[in-house]
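Topology and contacts: notes
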Amino acid sequence: MAEAAVDSPMEVVQAVVDEAMPDEAGLGCLVSLPGELLEYILCSGPLAATDILHVASTCRRLRELCQSSGKVWKEQFRVRWPSLMNHYSPTDYVNWLEEYKVRQKSGVEARKIVASFSKRFFSEHVPCNGFSDIETLEGPEIFFEDELVCILNMEGRKALTWKYYAKKILYYLRQQKILNNLKTFLQHSDDYESYLEGAVFIDQYCNPLAEITLKDTQAQFDSIVELVRKALRGLNSRHPSLTFRAGRSSMVRELDLQGQVLEAMNYVLYDQLKFKGNRMDYYNALNLYMHQVLTRRTGIPISMSLVYMTIARQLGVPLEPVNFPSHFLLRWCQSTDRANLDIFDYIYIDAFGKGRQLTVKECEYLIGQHVTPALYGVVNVKKVLQRMVGNLLSLGKREGIDQSYQLLRDSLDLYLAMYPDQVQLLLLQARLYFHLGIWPEKVLDILQHIQSLDPGQHGAVGYLVQHTLEHIERKKEEVGVEVKLRSHEKHRDVCYSIGLIMKHKRYGYNCVIYGWDPTCMMGHEWIRNMNVHSLPHGHHQPFYNVLVEDGSCRYAAQENLEYNVEPQEISHPDVGRYFSEFTGTHYIPNAELELRYPEDLESVYETVQNIYSAKKENAE
């Protein structure tokens, strides 16, 4: 039996209206329908905002049903932008029609700005003042961010340039907000002990595109606490921790009862949930991000200690953080006399080592050296965060493949937010920006600040100031866009085109071409260091700028490249800077890159037709 056709809600409304038009009685029949039924029809199906406006203009009854603060416009908003509903309280009065209009306007403004970035900043890193247009936008920032997220979530392999700049803008916006929140957090007094909140700020700043919140992180801890309570109930069904309410600060005073909590914790964390110290991949930044530690159930001493301490405190055991050298620890007081405590009145807990309890002597065995009593003392939130960021800073300095040094940049920002007058770190930040060729004006500001803090740094500061000013002058002298035509006589030896997926004959890496020169344009020192003269054609051959799948950018000789017979997407963070789409066989240049290589796209089509179409025909 054939299925009966189902009319859309808009068709139902329109049909009723059409039937009602011949006489007033018919119209009266329409508006006399129960309000719940009409509301249901208007809230169901693919009705657009314009449809709702048309319905509302039919008569007073329907206009009242489509009132700006009613269910109909709330549903329109929810269907269009579902993720934003979390930002509204069910008890708040909301003019949903007005919210719809503001969100729509914010989306249009966001897309205009994203579209402008490629033309404005194709040839340079987005400068510090490049985001000024965003900071002056009207409307809630969350609406603008939501539109950027919508762009990033666009399906398929298209709009790569839009996604590239939407990601940069969203990264900047969220980091600025997180950094401001962190600075406010750091202004709390030393007895403010929200270690978890501080750790989440670090996590958020280094992963601004991930949806990380303190609320969600706390919910994960709450679920672990419930598992510990279940295990604790088996040890002592009348344990006071079983009655503690979430969000309230309570403490178990008897040591034996505290010990039962720790016993239950060790069972749940290390036996049941299989948390463990990450000895195999110790120097991995993921070990310091709280959401990753909870998900992967592994970390390093400081992150594992924060997990352990957070759970213990929620269950009434007042563990304290110890900034022990080389191996972060927790301490558990064993004395009731709080007035005259020394380091021997504590048991020290190694959360990295499955909650092992240590004496002072065993702590020294752990790191293989004797330490002064001062290093067994408790530290405040700021000192704990300083150590976490210091670990990230050390990892950032070890980066090899990531040519943007993003982790180093982020950890420097965090450290200087806590300690803004650290001269050596300020100097490192200035050198890093200078090395990357970004934000020269900010480099000068940093150098001026260093000079005011420590005039003895005039040698290093003077050198960087001189070369930064030269860089700024060179940028001013740069003339218009350089256009390279394949048809020009001097380009006759260029065989490959931008957008083609290539393979390096010697090293085997996959890459995509985003630029070329008729001969090697690098200096004599680079040519000597890269041993270019050992190539059969030396430096007198075309060289290609390529984005490599490992995230690096390289300059490869033509004789070292060949077509990739099995083309695939190149996972490189800068692909969207140069290309708008991946077709499955090649990349299509965006408007700015095509402007610089206007004849390459036609050559790409010919190559694809000859190489890949012929291969497909042979396979068939």
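Details of the structure are given in the entry above.
The notes below deal with the structure included here. (Residues numbered from 1 in each chain as written. Predicted model: local features only at pLDDT ≥ 70, side-chain atom pairs only at ≥ 80, totals over all residues. Heavy atoms only, no water.)

The next subject is the pairing of strand S10 (residues 553–557). As judged from the five bridges shared by strand S9 (residues 543–548) and S10, these two strands associate in the antiparallel manner. Within the sheet, the bridge partner assigned to Val546 lies in S10 and is Arg554. Linking S9 back to S10 in an antiparallel pair, the connection comprises four residues, with Gly551 at a positive phi of about 95°. (Pairing = 2+ DSSP bridges. Helix = DSSP H or I, 4+ residues; strand = E, 2+ residues; numbered from the N terminus.)

With that settled, the discussion passes to the packing of aromatic side chains. In this structure the tally under the stated criterion is 30 aromatic pairs. Summarising the aromatic geometry, the rings of Tyr88 and Trp96 are spaced 4.9 Å apart at their centres and angled 55° between planes, so their arrangement reads as tilted. Here Tyr88 matches Trp96 in class, with each residue buried. A centroid spacing of 5.3 Å and a plane angle of 40° characterise the contact between Phe579 and Tyr587, whose relative ring orientation is tilted. Here the aromatic residues Trp73, Phe77, Trp81, Tyr88, Trp96, Tyr100 and Phe143 are joined through ring pairs into a cluster of three or more. The aromatic ring of Tyr283 is capped on one face by Arg398, whose charged end is 4.4 Å from the ring centroid. (Phe/Tyr/Trp six-rings, centres within 6.5 Å; stacked < 30°, edge-to-face > 60°. Buried < 20%, exposed > 50% of the residue type's maximum accessible area, 1.4 Å probe, protein only. Lys NZ or Arg CZ within 6 Å of the ring centre and 35° of its normal.)

Here we take up helix H17 (residues 381–397). The periodicity of an α-helix, 3.6 residues per turn, causes residues three or four places apart in sequence to face the same way. Over its 17 residues, H17 runs 24 Å from end to end, which matches the ideal 24 Å to within 8%, given 1.5 Å per residue. Buried residues in H17 make contact with helix H10 (160–186), helix H11 (195–206), helix H15 (301–314), strand S3 (320–322), helix H18 (406–418) and helix H19 (423–436). For H17, the N-terminal capping position is held by Asn380, with its side-chain oxygen 3.3 Å away from the main-chain nitrogen of Lys382. (Expected span 1.5 Å × (residues − 1). Contact = heavy atoms within 4.5 Å. Polar contact = N/O pair within 3.5 Å; in protein donor to acceptor, adjacent residues only side chain to side chain.)

Counting buried residues in strand S5 (residues 346–350) gives four out of five residues, a clear majority hidden from the surface. Pairing of strand S4 (residues 329–333) with S5, which is carried by four bridges, proceeds in the antiparallel orientation. Opposite Leu330, over in S5, you have Ile349 as the bridge partner. Where S5 meets strand S6 (residues 356–358), three bridges bridge the pair, whose relative direction is antiparallel. By the bridge assignment for S6, Asp350 is matched with Arg356. Between S5 and S6, which pair antiparallel in sequence order, lie five residues; one of them, Lys354, sits at a positive phi of approximately 60°.

What follows concerns empty space enclosed by the protein. Under the definition given, this model contains one cavity of 30 Å³ or more. Taken as a whole, the largest cavity holds about 40 Å³ of empty space. In terms of lining, the largest cavity is formed by Leu269, Tyr270, Phe275, Met304, Val307 and Tyr308. Of all elements in the fold, only helix H13 (255–272) and H15 reach the threshold of two or more residues within the lining of the largest cavity. Looking at the lining of the largest cavity, the element that brings in the most residues is H15, giving three residues. In terms of residue class, the lining of the largest cavity is made up of six nonpolar, no polar and no charged. (1 Å grid on protein atoms, 1.4 Å probe; cavity = no way out; pocket = protein on both sides within 12 Å on 5 of 7 lines; lining within 4 Å. Points joined across faces, edges and corners; volume = space filled by probe spheres on them. Nonpolar A, V, L, I, M, F, W, Y, C, P; charged D, E, K, R; others polar.)

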